[in-house]
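# Working through the structure, step by step
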Amino acid sequence: VASLKLPSRRNLTLCYEQLFAYIACIRIQFTKNSNMSETADENAGVKPQKSGGKDHKKLTSEALRGAIQLGIGYTVGNLTSKPDRDVLMQDFYMVESVFLPSEGSNLTPAHHYPDFRFKNYAPLAFRYFRELFGIKPDDYLVKHLDDEFIIKTVQNKEAEFLQKLLPGYY
């Protein structure tokens, strides 16, 4: 069963679970792009909302799914270029961060979603766990959107707690 709940904030942490085993922990932080018009926002998966006489924008599930797909695609490609090696204690505390502007960059593709920062927590450690569970990079890239993995949003404190538990699984 896959579930996707959009929090009201533009900043969230997602953890993927399979058989009660976390296989990734990522964070997506959408940023304001003052150059985007309202039409561009609608095309980018941001819907203008009226609440209490104020205009504000709410992310659509399409924008969140697109950001997840792009971020995971980037990190899977980045990880395949890194050689296999034993996991070190420091690997459990590594955080890789990449900014994905809608216009693209020399490292990232252009996209139709709001600019966002994608953080991947303990990527080498989670790669080890995915391999241990027999999850191939291509499966991880595709199957997170087709009900095989559970997407769970967690508060920052819970994400920090889970990251502290991670070395114990090794």
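Heads up: these notes are all about the structure in this document. (Residues numbered from 1 in each chain as written. Predicted model: local features only at pLDDT ≥ 70, side-chain atom pairs only at ≥ 80, totals over all residues. Heavy atoms only, no water.)

### Describing the pattern of salt bridges
The cut-off we apply is this: The working definition used for a salt bridge is a side-chain nitrogen of Lys or Arg within 4 Å of a carboxyl oxygen of Asp or Glu. Helix and strand definitions follow DSSP, with helices as H or I runs of at least four residues and strands as E runs of at least two, each counted in order from the N terminus. When accessible area is computed with a 1.4 Å probe and restricted to protein chains, residues below 20% of their type maximum are described as buried, those above 50% as exposed, and intermediate ones as partly exposed.
Counting across every chain of the model gives three salt bridges. A salt bridge links Lys82 to Glu96; its shortest N-O distance comes to 2.3 Å. Note that Lys82 is positioned in the loop between α2 (61–80) and β5 (95–100) and Glu96 in strand β5, a separation of 14 residues in sequence. Close ionic contact of Asp84 with Arg127 constitutes a salt bridge, the shortest N to O distance being 3.5 Å. Note that Asp84 is positioned in the loop between α2 and β5 and Arg127 in helix α3 (residues 123–132), a separation of 43 residues in sequence. Asp84 sits in the exposed class, given a relative accessible area of 61%.

### Focus on the packing of aromatic side chains
What counts is decided by this rule: Each aromatic pair joins two rings of Phe, Tyr and Trp (for Trp, the six-membered one) with centres within 6.5 Å, and gets the label stacked for planes under 30 degrees apart, edge-to-face for over 60, and tilted for any other angle.
Under the defined criterion, the tally for this structure stands at five aromatic pairs. Consider the rings of Phe30 and Phe116, whose centres lie 5.7 Å apart with planes at 45 degrees: the pair is tilted. Of this pair, Phe30 sits in strand β2 (residues 21–30) while Phe116 sits in strand β6 (residues 116–121); the two residues are 86 residues apart in sequence, bridging distant segments of the chain.

### What about unusual backbone geometry?
Unlike most non-glycine residues, Ala122 shows phi in positive territory, near 50 degrees. For Ala122, the location among the structural elements is in the loop between β6 and α3.

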